Amino acid sequence: MPQSSVFGSNRVLKNLLPRHKRKTPPTLADDVPFGRIHTDHMLVCDFLPQKGGWQPLEIMPYGPFELSPDSVVFHYGQQIFEGMKAYRSGVREDEVSLFRPQLNAKRFFHSATRLGMEPVPEDLFLQAVKELVNVDYEWTLPMPGALYIRPALIPLDQGVSYRASQAYRFFIILSPAKNYYAKETSVTVAVERSDVRAVPGGVGEAKCGGNYAGALPALARARAKGAEQVLWLDGLEHRYVEEVGAMNAVFVYDDRIETPGLSGSILPGVTRRSVIELARHMGLRVEETRIDINQVLDDARSGALKEAFGCGTAAVISAIDSFLDGDERIAVNQGKIGTTTLRLKEALVSIQTGKAPDPFAWRVAVQCNAH
Ligand code: PLP
Ligand code: COI
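Just so we're clear, the structure is a prediction, and the values are computed from it rather than from any experiment.

**Some thoughts on the site of ligand 1**
Reasoning step 1: Not every one of the 16 residues close to ligand 1 is listed here, only the nearest: K207, Y212, E243, T271 and T313.
Reasoning step 2: Within the side chain of K207, an N or O atom sits 2.7 Å from an oxygen atom of ligand 1.
Reasoning step 3: Interatomic distance of 2.5 Å between a side-chain N/O atom of Y212 and an oxygen atom of ligand 1.
Reasoning step 4: Protein chains shield 97% of the accessible area of ligand 1, which is 380 Å² for the free molecule.
Reasoning step 5: Secondary structure elements with two or more residues in the shell around ligand 1: β13 (247–253), α5 (270–281) and β16 (307–312).
Reasoning step 6: Each residue belonging to the shell around ligand 1 can be placed in one class, and the counts come to 6 nonpolar, 6 polar and 4 charged.

**Some details on helix α4 (residues 216–224)**
Reasoning step 1: Turning to α4, its buried residues number three or more, namely A218, L219 and A222. The buried residues of α4 occupy an angular sector of 100° when the element is viewed end-on, so they sit on one face. Exposed and facing more than 90 degrees away from the buried side of α4 are R223 and A224.
Reasoning step 2: One or two steps after α4, the chain reaches G226, where phi turns positive at roughly 95°.

**Some points on the layout of surface pockets**
Reasoning step 1: Taken as a whole, the second largest pocket holds about 400 Å³ of empty space.
Reasoning step 2: R107, H110, E205, L262 and P268 are, among the 20 residues lining the second largest pocket, the residues nearest its centre.
Reasoning step 3: When residues of the lining of the second largest pocket are traced back to their parent elements, those giving at least two are α1 (101–114) and α5.
Reasoning step 4: In terms of residue count, the dominant contributor to the lining of the second largest pocket is α1 (6 residues).
Reasoning step 5: Looking at the lining of the second largest pocket, its residues break down into 7 nonpolar, 6 polar and 7 charged.

**A word on helix α6 (residues 293–302)**
Reasoning step 1: Taken together, the buried positions of α6 are I293, V296, L297, D299 and A300. For α6, the arc enclosing every buried residue in end-on projection is 160°, short of the 170-degree limit, so these residues lie on one face.
Reasoning step 2: Against the buried residues of α6 lie β10 (186–191), β11 (229–233), β12 (241–244), β13, β17 (316–325) and β18 (328–331).
Reasoning step 3: The opening residue of α6, the one whose side-chain oxygen lies 2.8 Å from the backbone nitrogen of N294, is D292.
Reasoning step 4: Just downstream of α6 lies G303, where phi reads positive at about 95°.

**Looking at the nonpolar core**
Nonpolar side chains in soluble globular proteins tend to be buried together.
Reasoning step 1: Core analysis: the biggest nonpolar cluster contains 40 residues, and F125, V133, I149, L153, F170 and I172 have the highest contact counts within it.
Reasoning step 2: Top contributing element to this core by residue count: helix α2 (residues 122–136), with 8 residues.
Reasoning step 3: Among residues more than four places away in sequence, those in contact with F170 are L43, V44, C45, W54, F108, V120, L124, F125, A128, P151, A152 and L153.
Reasoning step 4: Ranked by size, the runner-up nonpolar core spans 23 residues in total, among them V189, V191, V244 and F323.

**Structural notes on the site of ligand 2**
Reasoning step 1: In the vicinity of ligand 2, 11 residues are found, and the nearest of them are G83, Y148, R150, K207 and A314.
Reasoning step 2: Y148 places a side-chain nitrogen or oxygen 2.7 Å from an oxygen atom of ligand 2.
Reasoning step 3: In the model, an oxygen atom of ligand 2 is placed 2.9 Å from a nitrogen or oxygen of the K207 side chain.
Reasoning step 4: Of the residues contributing to the shell around ligand 2, the split by class is 7 nonpolar, 2 polar and 2 charged.

**A word on empty space enclosed by the protein**
Reasoning step 1: A complete count under the given rule lists 1 cavity of 30 Å³ or more for this structure.
Reasoning step 2: For the largest cavity, the calculated volume is near 70 Å³.
Reasoning step 3: Contributing elements (two or more residues each) for the lining of the largest cavity: β6 (84–88) and α5.
Reasoning step 4: Split by residue class, the lining of the largest cavity holds 4 nonpolar, 4 polar and 1 charged.

**Description of the packing of α1 against α2**
Between two packed helices, both the angle of their axes relative to each other and the distance between the axes serve to describe the pair.
Reasoning step 1: For the pair α1 and α2, the least separation of the axes is 9 Å and the interaxial angle reads 125°. Here α1 lies oblique to α2, going by the angle between them. Of the two possible hands of crossing, α1 and α2 adopt the one that is right-handed. Within the contact between the two elements, α1 uses P101, Q102, N104, A105, K106, F108 and F109 and α2 uses E122, F125 and L126.
Reasoning step 2: For the contact of α1 with α2, the per-class residue count stands at 6 nonpolar, 2 polar and 2 charged.

**Focus on a nonpolar patch on the surface**
Reasoning step 1: A cluster of nonpolar side chains, namely Y76, V160 and Y162, defines an oily patch on the protein surface of about 360 Å² accessible area.
Reasoning step 2: With respect to the helices and strands, Y76 occurs in the loop between β4 (57–61) and β5 (80–81).

**Observations regarding the packing of aromatic side chains**
Reasoning step 1: Under the criterion given, the structure shown has 10 aromatic pairs.
Reasoning step 2: Ring centres of F360 and W362 lie 4.4 Å apart, and the angle between their planes is 25°; this geometry places the pair in the stacked category.
Reasoning step 3: Look at F360 and you get partly exposed, because its relative accessible area is 26%.
Reasoning step 4: Judged by its relative accessible area of 3%, W362 is buried.

Calculation criteria
For every chain, the first residue of its written sequence is number 1, and the numbers climb from 1 along that sequence. Chains and ligands are labelled by the order in which they are written, letters from A for the one and numbers from 1 for the other. Totals for whole chains, interfaces and linings use all residues, but because this is a predicted model, local features are given only for residues with pLDDT of at least 70 and pairs of side-chain atoms are given and counted only at 80 or more. Side-chain numbers here rest on the full set of heavy atoms in the structure, without hydrogens or water. In this text, near means that some heavy atom of the residue lies within 4 Å of the molecule or strand in question. A 3.5 Å cut-off defines polar contacts: any pair of N or O atoms within that distance qualifies, except that in protein one atom must be a possible hydrogen donor and the other a possible acceptor, and neighbouring residues in sequence count only when both atoms are side-chain atoms. Only the protein chains shown count as cover for residues, with accessible areas throughout obtained via the Shrake-Rupley method and a probe of 1.4 Å. Put simply, DSSP H or I for four residues or longer makes a helix, DSSP E for two residues or longer makes a strand, and each gets a number counted from the N terminus. Ten residue types, Ala, Val, Leu, Ile, Met, Phe, Trp, Tyr, Cys and Pro, are classed as nonpolar, four, Asp, Glu, Lys and Arg, as charged, and the remainder, Gly among them, as polar. With a 1.4 Å probe rolled over the protein chains alone, any residue whose accessible area is under 20% of its type maximum counts as buried; one over 50% counts as exposed, and the rest are partly exposed. To be clear, the arc concerns the directions from the helix axis to the C-beta atoms. Buriedness of a pocket was judged along seven lines, with at least five required to meet protein on both sides within 12 Å; pockets are open sets of points on a 1 Å grid over the protein atoms alone, cavities are sets where a 1.4 Å probe fits but cannot get out, and lining residues have an atom within 4 Å of a point. Grid points are joined across faces, edges and corners, and a volume is the space filled by probe spheres set on the points. Only heavy atoms matter for contacts: two residues are in contact if any of them lie within 4.5 Å across the pair. In this text, buried Ala, Val, Leu, Ile, Met, Phe, Trp, Tyr and Cys residues form a nonpolar core when linked through side-chain atoms within 4.5 Å. Only C-alpha atoms enter the line fits that serve as axes; for helices the fit covers just the stretch in contact. Angles between N-to-C directions range over 0 to 180 degrees. What sets the label is the angle itself: under 35 degrees gives roughly parallel, over 145 gives roughly antiparallel, 65 to 115 gives roughly perpendicular, and the rest give oblique. Definitions for this section: a left-handed crossing has its near helix turned counterclockwise from the far helix by less than a right angle. A right-handed crossing has that turn clockwise. What makes a patch is a set of residues exposed beyond 30% relative accessible area and free of salt bridges, joined within 9 Å when like-charged and within 5 Å when nonpolar (Val, Leu, Ile, Met, Phe, Trp, Tyr). In what follows, salt bridge is the name for a side-chain nitrogen of Lys or Arg lying within 4 Å of a carboxyl oxygen of Asp or Glu. Classification of ring pairs rests on two measures: the distance between centres of Phe, Tyr or Trp rings, Trp counted by its six-membered ring, which must be within 6.5 Å, and the angle between planes, read as stacked under 30 degrees, edge-to-face over 60 and tilted in between.

Here you go:
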């Protein structure tokens, strides 16, 4: 029996697993590798022009899609995704909040537009996220865990002629999340001097799978050297810092923090924006600017650079303990996590998890009911 929507104006069809067929959600004590375990349900919503556009939201048991080998999704790289989390934000298990989900909805819209895809209306996106979290909220791990939310959009058209698809599938899957990095406290980053992640005018500010595929060989080289992430430089001069893997980069100097300005080739991170706003609120000066890697490394050597960190939804705030540049290892703050990094992380996580007041109205509560 279709149920009507609880969080918005779009119709929601729910085909839920009976309780006895559902899996037992892990606890914090379990080994939960990032993104490998999924909740019982997923959400699917198709855009079908011949049926008038967006179809009802459908929540169904998690499972595979059947797609023809000539589907556009397998050939021309029209694919985008988002990454966000739901957090336990109260003492009760059913008190769960999202963090600035409107920004993810907006970015998803822009990513789709950049890849020539049908953008998901922001209200549909937000409703979909809330509806699915409402069904599987019991999988939200308490602090330092969360529920990772992965919305994605793929084309549905078939045929290998090169063109934009007309039909699309918007879907969301969920995973209980603990740590993104095996080494929780800090990361080592390898400065990438040859490959680039993005170029001006390209798709760097879209969250599309191709950006991540092109980054894989450099990531493998970084890992072979003992680093967790790649520090990307700009595509023209190979000189200015862009991002660190799946995180935005932040550098701390006394009472000032610096982060690369949004040049068009950098993913505009929700965490980056929140860190900037929190830092200003704490009285730190924030500069969004061009950051020369050679200056950063000199400053790390001299100690002028006090701290550095990467920030992102999956990774939260991860201190950078050292840079690897060719064969040289340059430590930051003697490899120790600095106080500004810790203060910002604490402030951010406390708002996300309801431990602190929410002066900026960033939390969006999800109404959770047992199903
Ligand atoms: N940069 C890249 C390439 C990413 O994949 C991510 C993660 O989503 C970020 C930055 C950080 O963005 P956000 O804070 O919105 O998660
Ligand atoms: C995120 O931080 O949400 C991401 O999408 C990063 C991903 C590569 C795991």
